[in-house]
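These are the residues of each chain, in order.
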Protein chains: 2
Amino acid sequence: MQLGRRKLQILQAVIQDYISSGEPVGSRTIAKKYGMGISPATIRNEMSDLEEMGYLQQPHTSAGRIPSDKAYRLYVDKLMETRNLTPDEAQRIREICNQKTTEIEEIIEQVANILSDITNYTSVVLGPRLNKVLIRRIELIAIDRQYALLLVVTSAGIIKDTLIRIPDNIDAGYLERISNMLTKYYRDKTFADVNIKHATDLQKELMRQKEFIRNILDALTNSIANKRQSDIYLGGTANIFNFPEYQDIIKARDFLNLMENKDILYNLFSQYEEDDVVIVIGTENEYNEMQDCSVVMGTYSIGDKVLGSMGLIGPTRMEYSKVVSIMRHVGESVSNYLTLLFKE
Amino acid sequence: MQLGRRKLQILQAVIQDYISSGEPVGSRTIAKKYGMGISPATIRNEMSDLEEMGYLQQPHTSAGRIPSDKAYRLYVDKLMETRNLTPDEAQRIREICNQKTTEIEEIIEQVANILSDITNYTSVVLGPRLNKVLIRRIELIAIDRQYALLLVVTSAGIIKDTLIRIPDNIDAGYLERISNMLTKYYRDKTFADVNIKHATDLQKELMRQKEFIRNILDALTNSIANKRQSDIYLGGTANIFNFPEYQDIIKARDFLNLMENKDILYNLFSQYEEDDVVIVIGTENEYNEMQDCSVVMGTYSIGDKVLGSMGLIGPTRMEYSKVVSIMRHVGESVSNYLTLLFKE
DNA sequence: ATTAGCACTCTCCCTTTACGAGTGCTAATC
DNA sequence: GATTAGCACTCGTAAAGGGAGAGTGCTAAT
């Protein structure tokens, strides 16, 4: 069977109506609201075909139809019209650039809040990824007699800092020497490449100050793993209650548990680093905990280097066209702002 | 009317039963389960008295009784027996000290997770407060040609760092001079005391490098306000669904909205900084959003200096004795561990 | 090919009914 | 005088019944 022009029109009408109402859509509704000069009976026939083709489904015999994931996929790929921002949305997005802070974490947190506020979905924003970023400089700064700050400057301007306990009999000159060594060996490497193997000077030093050097190296190599845990910002987790499909307490709980599971979120968002927006609809998602949801993912960058991901999660009947356009604009705005701040 | 021994026993039985079941408690249940050699009819009479005195209430005429906030208050003050930790709980608490990290934020985040895990309530942990802590040293460290790191070492060993943009024509010597100036004026002051008024050298410098100096001072004074926003760690927000009183979707949503409102949480937890555990029951709470909940609050310290607050939030029929003992032990463990790490 | 008409299905919501848990009161008992 | 058995009464809940309404699929007419 072919997906003719009229079938497409009807499918589009069903999808749009269902997205905005959340109720199964009947033939009469379509004939009235989206009247295209054909009677409900004709529409019924077409809908029956669309069901056979896997684009529509019926919750029960005497109900209207709802779109399948396949239908949403077709919709976002072919049917959906891009939508402009409302003045209010544009205004909120502009707020990203009006921050008092220059700390990337705080900017990102605010992005999460703005995203969830203007879309009414749940937002997820990942902090800058350290796994692709190159180390530029490593510096040990004495804080007091017991601690030094391990400071890492990276190609994305991000600073990773950790407190390191220093042994007793150690002076500032020694710290500087180690700093230079570290910078020498690991400059232009990633955190994953940090390794003692070919760093002969460091190996010697490891003999003398075993615990100290080990702590430093651990801090460097662990930074990716640690970031993973802590650098996920959520916004509007309670927004999910706005949707009738989540009035069921069990579904709502499962959703919230999912949002607390940082590992799944991290893995999900790490898979994609396209420049443009990526949409994952319902069962297209490999995590079964999320097969009732759709995710719209975007990225933010410094210059042309993708730095991190963000996304909006909601029911599969998400307002894709709104969400996609907002995600694009937010991505651009954040990237521009960050580039302005951090690009050399 | 007097609260005799028998009335107390009955009240305690009602409270304990209601805490564990969540169902209104009837006279027969008490006679059977907590049999104290008196008949249901006698218990009914006593319960009727207890209701008159404001300790019990009936959801409706033909239901059992549930304890009032006043009853819980009496219970936690007088009736409750302290309970020992189970081996499993003790084990989980010990995990706090087995961390790889020395970053206080990560430790605190894990504390939030452990608290909610072992209690099954929602945990809130506030990061270290900056408003009581004294500045020890301020240091500007050049990162590259555009940015310097503003580093503040405080009496609680906490380091507050911010990126500051530096003007073009500036050398390392200048940064050092400013650092010394800042340390000179603000050493042993709090962040709230940072002010340009009596800092004559700085005023002069402000003329020359207006934006730069202003940025530094802003970063210092804003640090408290900024911390407020970002330094609240939540654990187990979805735990609230475990309780039948939150099966109502509206209640659950209100609770979760509350947990997203960092301002309320911050204010609530800032009020108390007792050494011992503080319990706020239902309507004792000044925020009406929380009058269905109880909060058990504790603190953690470095040495004998209280550093931050933490708490567990749940329905008023909370397992107070369990929660209080866990809160005490966690407080001790965190404090010991932090003291070990940071105390000079 | 399209459409009007109609019987049929299924959900939702309302009412009714029955049941059970628990109470308060009264009168008997220790 | 305190305690208790007995009993009528109340109220919430769960199950059962009964439209109403929305929507379908099929058939026959256009």
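### Structural notes on the sheet that holds strand β5 (residues 147-154) of chain B
Residues and elements named next belong to chain B. The three strands are arranged β4-β5-β6 in an open sheet whose pairing can be described as antiparallel. Both edges of this open sheet fall to β4 (135-142) and β6 (159-165), since each of them pairs with a single strand only. For this sheet the average axis-to-axis angle between neighbouring strands, irrespective of direction, equals 20°. Summarising the sheet, β5 and β6 pair through seven bridges and their orientation is antiparallel. Bridging from a neighbouring strand, Tyr 147 pairs with Arg 165 of β6. Packing of helix α7 (residues 172-186) onto the sheet brings it into contact with β4 and β5, and relative to β4 it is tilted by some 165°.

### Side note on the packing of aromatic side chains
This structure, assessed with the given rule, holds 11 aromatic pairs over all chains. Between Tyr 121 of chain A and Phe 243 of chain A the ring centres are 5.3 Å apart and the planes differ by 10°, which places this aromatic pair in the stacked class. Of this pair, Tyr 121 of chain A sits in the loop between α6 (104-119) and β3 (122-126) while Phe 243 of chain A is found in the loop between β7 (232-235) and α10 (249-260), placing the two residues 122 residues apart along the sequence. For Phe 243 of chain A, a relative accessible area of 11% puts it in the buried group. Across from the ring centre of Tyr 55 of chain B, 4.6 Å away, lies the NZ or CZ of Lys 70 of chain B, which sits over that ring. The ring of Tyr 246 of chain B carries the charged tip of Lys 251 of chain B above its face, separated from the ring centre by 5.9 Å.

### Focus on the domain arrangement of chain A
A common way to report how large an interface is uses the accessible area buried once the components associate. All names here are of chain A. Structurally, chain A comprises domain 1 (5-79), domain 2 (87-128 + 231-342) and domain 3 (135-227). Spacing between the C-alpha centres of domain 1 and domain 2 amounts to 29 Å. Counting from both sides, the interface comprises 10 residues of domain 1 and, opposite them, 11 residues of domain 2. When the two sides are added together, the surface that domain 1 and domain 2 hide from each other amounts to roughly 900 Å², 58% of it contributed by carbon and sulfur. Area buried by domain 1 at its contact with domain 2 is led by Ile 19, Asp 69 and Arg 73, which between them contribute 54% of it. Here domain 1 and domain 2 share one salt bridge between them.

Criteria and cut-off values
- Residues numbered from 1 in each chain as written.
- Chains lettered and ligands numbered in written order.
- Predicted model: local features only at pLDDT ≥ 70, side-chain atom pairs only at ≥ 80, totals over all residues.
- Heavy atoms only, no water.
- Pairing = 2+ DSSP bridges.
- Helix = DSSP H or I, 4+ residues; strand = E, 2+ residues; numbered from the N terminus.
- Axes fitted to C-alpha atoms, helices over the stretch in contact; angles between N-to-C directions.
- Contact = heavy atoms within 4.5 Å.
- Phe/Tyr/Trp six-rings, centres within 6.5 Å; stacked < 30°, edge-to-face > 60°.
- Buried < 20%, exposed > 50% of the residue type's maximum accessible area, 1.4 Å probe, protein only.
- Lys NZ or Arg CZ within 6 Å of the ring centre and 35° of its normal.
- Domains from an automatic or database assignment.
- Buried area = accessible area lost by both parts, 1.4 Å probe.
- Salt bridge = Lys/Arg side-chain N within 4 Å of Asp/Glu carboxyl O.

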